[in-house]
Amino acid sequence: MAMDSNDRDYTNGEITVFWQPSKCIHATTCYRELIEVFNPRNRPWVNMDGAPTDRIIEIINKCPTDALTYRWNDSEKNKLLENLNDEKISQALSYEKSQTDTPVMVQVMKDGPYVVQGNFTIIGSTGNKLKSMSMTSFCRCGVSNNMPFCDGTHRKAGFTSEK
Amino acid sequence: MMELIGRLVLRVKNNFMEKSKTEFIIIKNGPLHVKGNFTLKGTDGKLIDVVDEVYLCRCGASKNKPFCDGSHKTHGVND
């Protein structure tokens, strides 16, 4: 994977978690489901002692992008994971192909953005086509500095979606 | 006969592609206009019944989230 100076890794001796902030779309799945490990208010924001390894892996697998990934520190276990990943990738590719004709999914995240998956087009306010993509998140708190996309500012702004 | 089949196939394909098109239209200082083929899931993970287009709040101030209620006019959007 291409390394960025903002990329971080964290380990508990058993697995190493890789964090690539440039790939994060702020779907908020990680900290909503496992704040004991993924807490954006803390530094470092990942606490590998906050939960058992299998629970951490479960949440990483729910990350909609490659912002959070992991590897086993044990190289034997890692080989198994790589085989599994290859399988997952080919499955994902064939899934993606079959998805071209299924509806786009718009998920409203609690206190967070709209996470969108599928094949869709974004059109600017002047009718100009911005881009076609398959996964993104749109700001719904009104204060992102990267409009119309989410940049995570909702958390600092204290946006709550429950009225 | 062959020609006829060819035409039929092409027509079905075009209709199909038209149907699967989904657009997200950004309205400046206003909501997100979504139209086409999509499903909407609420914060509780349950599907929200919608017709083929919605206007979603983008300013954070709607009293009818996730839908727009016009609050952006007084609240504003950081566009």
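Computed from a predicted structure; not experimentally measured.

**Student:** So, the pairing of strand E2 (residues 15-19) of chain A: which residues are in play, and what are the values?
**Tutor:** Residues and elements named next belong to chain A. Most of E2 is tucked away: five of the five residues are buried. Taking every second residue as pointing to the same face, both faces of E2 are buried, with Ile 15, Val 17 and Trp 19 on one and Thr 16 and Phe 18 on the other. The antiparallel pairing of strand E1 (residues 8-11) with E2 creates a hairpin that spans three residues between the two strands, and Gly 13 there sits at a positive phi of about 90 degrees. The sheet contact formed by E2 and strand E3 (residues 68-72) spans five bridges and is antiparallel. Across the sheet, residue Ile 15 finds its bridge partner in E3, namely Trp 72.

**Student:** Can you break down the interface of chain A and chain B residue by residue, with the values?
**Tutor:** Facing the 35 residues of chain A at the interface are 30 residues of chain B. Carbon and sulfur atoms supply 60% of the area that chain A and chain B bury against each other, a total of about 2,600 Å² over both sides. When the buried area of chain A at its contact with chain B is split by residue, Val106(A), Tyr114(A) and Ile123(A) rank highest and sum to 20% of it. The interface formed by chain A and chain B includes zero salt bridges. Between chain A and chain B we count 18 residue pairs in polar contact (both at pLDDT 80 or more) in total. Put simply, the parts of the chain that give the side of chain A that touches chain B at least two residues each are strand E4 (104-108) and strand E5 (114-123) of chain A. Among the elements that take part in the side of chain A that touches chain B, E5(A) stands out by supplying seven residues, more than any other. Looking at the side of chain A that touches chain B, its residues break down into 18 nonpolar, twelve polar and five charged. The sheet contact formed by E4(A) and strand E3 (residues 38-41) of chain B spans four bridges and is parallel. Pairing of Gln107(A) across the sheet is with Lys41(B), part of E3(B).

Rules behind the numbers
- Residues numbered from 1 in each chain as written.
- Chains lettered and ligands numbered in written order.
- Predicted model: local features only at pLDDT ≥ 70, side-chain atom pairs only at ≥ 80, totals over all residues.
- Heavy atoms only, no water.
- Buried < 20%, exposed > 50% of the residue type's maximum accessible area, 1.4 Å probe, protein only.
- Helix = DSSP H or I, 4+ residues; strand = E, 2+ residues; numbered from the N terminus.
- Pairing = 2+ DSSP bridges.
- Contact = heavy atoms within 4.5 Å.
- Buried area = accessible area lost by both parts, 1.4 Å probe.
- Salt bridge = Lys/Arg side-chain N within 4 Å of Asp/Glu carboxyl O.
- Polar contact = N/O pair within 3.5 Å; in protein donor to acceptor, adjacent residues only side chain to side chain.
- Nonpolar A, V, L, I, M, F, W, Y, C, P; charged D, E, K, R; others polar.

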